[in-house]
Number of protein chains: 2
Amino acid sequence: MKNESVVDNIDHRILSSLKKNSRISFADLGRIINLSPSAVRERIQKMEDTGIIKHYNLSLDYKLLGYTIEAFVLVKVFHGNLKALFMLINKLPEIKEAHRITGNQNVHLKVVLKDQLHLQDLIDKLMQYGDTTTFLILSDITPQET
Amino acid sequence: MKNESVVDNIDHRILSSLKKNSRISFADLGRIINLSPSAVRERIQKMEDTGIIKHYNLSLDYKLLGYTIEAFVLVKVFHGNLKALFMLINKLPEIKEAHRITGNQNVHLKVVLKDQLHLQDLIDKLMQYGDTTTFLILSDITPQET
DNA sequence: ATTGAAACCAGCAGGTA
DNA sequence: TACCTGCTGGTTTCAAT
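Residues numbered from 1 in each chain as written. Chains lettered and ligands numbered in written order. Predicted model: local features only at pLDDT ≥ 70, side-chain atom pairs only at ≥ 80, totals over all residues. Heavy atoms only, no water.

Undergrad: Can you explain the environment of B:Leu64? Please cite residues and give values.
TA: By the secondary structure assignment, B:Leu64 is in the loop between strand E1 (53–60) and strand E2 (69–77). Each residue touching B:Leu64, except ones within four places of it in the same chain, is listed here: A:Val6, A:Thr50, A:Gly51 and A:Ile52. (Helix = DSSP H or I, 4+ residues; strand = E, 2+ residues; numbered from the N terminus. Contact = heavy atoms within 4.5 Å.)

Here you go:
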């Protein structure tokens, strides 16, 4: 019997496996959690339909792809410039993540860049819409099991 | 002929498709980029082996899973407390991402929390190792095609 | 990079409790 | 509703080219 929560223990175990490797087959997943492939498939389908699972994505080593700089950029947007900044954000492929946040700054960006000149170009563009604060990323210390 | 870069145009198209849906089959990928499934598989295998592809992961809607707060937390670590903080970070499942950064603060965290009390507990723990600054996430405005 | 063959899996229908 | 089995066509994998 399933409890009344949106996801039960079995769903959590499915999500945990998919976090480790989102390309795992339904059959392998079923072997791990002791369920038939069909049952696994149905549970995953449901989580996709309800929106719990948003996306199956990929993490890349940007250093190996020739991008030497990764950074967080905070923007304290000038009054009335938020919409224009959103439009800029949508045009810049170097911006990998963007969030509206509370606090003295309004927008938080994660960016991936070829070199310092590329960073300078980006900051020049962002400066038109607000004051920027840049933190270069030195290393990723994210725990493995999240 | 392949150029001298670590990845050529075909690899880029493969990565682009995998970013959209990392569960796509080699066969479907082959149909998209006009290559046999085996060739696709070998290219992906190579990118996994070289480390360009780090991980196949999953993005979840944490709101639907009962986590009402997402936030960035910056920590200005007290002198000599960095290692101890790293150990704490590894023990806290609410920390989804962690990076060392340049600037006045030394560590950047992305966290997912049940409620305000949960946030308070986390800040209390982090405070032992440094001064914290918290930005609540209001909304995700990440562009679709990154 | 491709082909071909064996093993394997996804997807679906039909069935159980 | 949640799960299962069994079937069919498609997919993965590997060796040979």
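After that view of the structure, there is still more to cover.
Undergrad: A description of the protein's contact with DNA strand C should follow, citing residues and the corresponding values.
TA: Within the structure, DNA strand C sits among 13 residues, and A:Phe26, A:Arg31, A:Arg41, B:Ser36 and B:Arg43 are positioned closest to it. When the atoms of DNA strand C within 4 Å of the protein are sorted by group, sugar and phosphate make up 74%. Contact between DNA strand C and A:Arg41: a phosphate oxygen at 3.0 Å from a side-chain N or O atom of the residue. Between a base oxygen of DNA strand C and a side-chain N or O atom of B:Ser38, the distance comes to 3.1 Å. When contributions to the surface near DNA strand C are tallied by element, the ones reaching two or more residues are helix H2 (26–33) and helix H3 (37–50) of chain A together with helix H3 (37–50) of chain B. Class assignment of the residues belonging to the surface near DNA strand C gives a composition of four nonpolar, four polar and five charged. (Near = heavy atom within 4 Å. Polar contact = N/O pair within 3.5 Å; in protein donor to acceptor, adjacent residues only side chain to side chain. Nonpolar A, V, L, I, M, F, W, Y, C, P; charged D, E, K, R; others polar.)

Undergrad: I'd like a description of the domain arrangement of chain A, backed by residues and values.
TA: Each domain of chain A was delimited in the assignment, giving domain 1 (9–49) and domain 2 (62–136). If you average the C-alpha positions of domain 1 of chain A and of domain 2 of chain A, the two centres end up 36 Å apart. (Domains from an automatic or database assignment.)

Undergrad: If you had to explain the interface of chain B and chain A to someone new, which residues and values would you point to?
TA: Size of an interface, as often reported, equals the accessible area lost when the parts are brought together. Facing 54 residues of chain B, the contacting portion of chain A comprises 54 residues. Both faces combined, the contact of chain B with chain A buries some 5,400 Å², and carbon together with sulfur accounts for 59% of it. Counting the surface chain B buries against chain A, the share from its top three residues, B:Arg23, B:Leu58 and B:Ile141, is 14%. Put simply, chain B and chain A have zero salt bridges between them. The interface formed by chain B and chain A includes 31 residue pairs in polar contact (both at pLDDT 80 or more). Per element, the largest residue contribution to the side of chain B that touches chain A is eight residues, and it comes from E1(B). For the side of chain B that touches chain A, the per-class residue count stands at 28 nonpolar, 16 polar and ten charged. Where strand E1 (residues 53–60) of chain A and E1(B) come together, seven bridges link them in antiparallel fashion. Considered in E1(B), the bridge of A:Tyr56 is made with B:Leu58. (Buried area = accessible area lost by both parts, 1.4 Å probe. Salt bridge = Lys/Arg side-chain N within 4 Å of Asp/Glu carboxyl O. Pairing = 2+ DSSP bridges.)

Undergrad: Can you break down the UniProt feature "domain: HTH asnC-type" (unreviewed entry) in chain A residue by residue, with the values?
TA: Taken from the UniProt record, the annotation "domain: HTH asnC-type" (unreviewed entry) applies to residues 7–68 of chain A. Here residues 7–68 of chain A is 55% helix and 13% strand, with 40 Å between the C-alpha atoms at its ends. (UniProt positions renumbered as here; feature names shortened; annotations may be inferred.)

Undergrad: Which residues make up the packing of H2(A) against H3(A), and what are the values?
TA: Residue and element names in this part refer to chain A. Axis separation between H2 and H3 bottoms out at 8 Å; the angle between their running directions is 105°. In terms of orientation, H2 and H3 fall into the roughly perpendicular class. Here Phe26, Ala27, Leu29, Gly30 and Ile33 of H2 lie close against H3, whose contacting residues are Pro37, Val40, Arg41 and Ile44. When the residues that make up the contact of H2 with H3 are grouped by side-chain class, the tally is seven nonpolar, one polar and one charged. (Axes fitted to C-alpha atoms, helices over the stretch in contact; angles between N-to-C directions. Parallel < 35°, antiparallel > 145°, perpendicular 65-115°, else oblique.)

Undergrad: Please give an account of helix H5 (residues 116–127) of chain B that cites residues and values.
TA: Turn by turn, an α-helix covers 3.6 residues, leaving residues three or four places apart pointing in a common direction. All names here are of chain B. The terminal C-alpha atoms of H5 lie 16 Å apart, and with twelve residues this matches the ideal 16 Å at 1.5 Å per residue to within 8%. Regarding H5, the residues found buried are His118, Leu119, Leu122, Ile123 and Leu126. Viewed end-on, H5 has its buried residues packed into an arc of 135°, placing them on one side of the element. The inward-facing, buried residues of H5 contact E2, helix H4 (82–91), strand E4 (107–113) and strand E5 (130–140). The backbone nitrogen of Leu117 lies 3.2 Å from a side-chain oxygen of the residue at the head of H5, namely Asp115. (Expected span 1.5 Å × (residues − 1). Buried < 20%, exposed > 50% of the residue type's maximum accessible area, 1.4 Å probe, protein only. Arc of directions from axis to C-beta.)

Undergrad: Kindly report on the pairing of strand E5 (residues 130–140) of chain A, identifying the contributing residues and their values.
TA: Note that strand E2 (residues 69–77) of chain A and E5(A) share seven bridges and pair antiparallel. Bridged to A:Phe72 within E5(A) is A:Phe135. Bridge count between E5(A) and strand E3 (residues 95–101) of chain B: three bridges; the pairing is antiparallel. Bridge pairing in E3(B) links A:Ile137 to B:Ile101.

Undergrad: Give a detailed account of the sheet that holds E3(B), specifying residues and quantitative values.
TA: One closed barrel accounts for eight strands, arranged E2(A)-E4(A)-E3(A)-E5(B)-E2(B)-E4(B)-E3(B)-E5(A); its pairing is antiparallel. The mean angle between the axes of side-by-side strands here comes to 35°, regardless of whether they run parallel or antiparallel. As defined by bridge partners, E3(B) adjoins E4(B) across five bridges and the pair is classed as antiparallel. Counterpart to B:Arg100 in the pairing with E4(B) is B:Val107. Contacting E2, strand E4 (107–113) and E5 of chain A, helix H5 (residues 116–127) of chain A crosses the sheet at an angle of about 150° to E5(A).

Undergrad: Help me get a handle on H4(B), residues and values and all.
TA: Residues and elements named next belong to chain B. All buried positions along H4 are accounted for by Leu85, Leu88 and Ile89. Down the axis of H4, the buried set is contained in an arc of 100°. They therefore lie on one face. Of the residues in H4, the exposed ones pointing more than 90 degrees away from the buried face are Lys83, Met87 and Lys91. Where H4 is buried, its residues contact E2, E3, E4 and H5.

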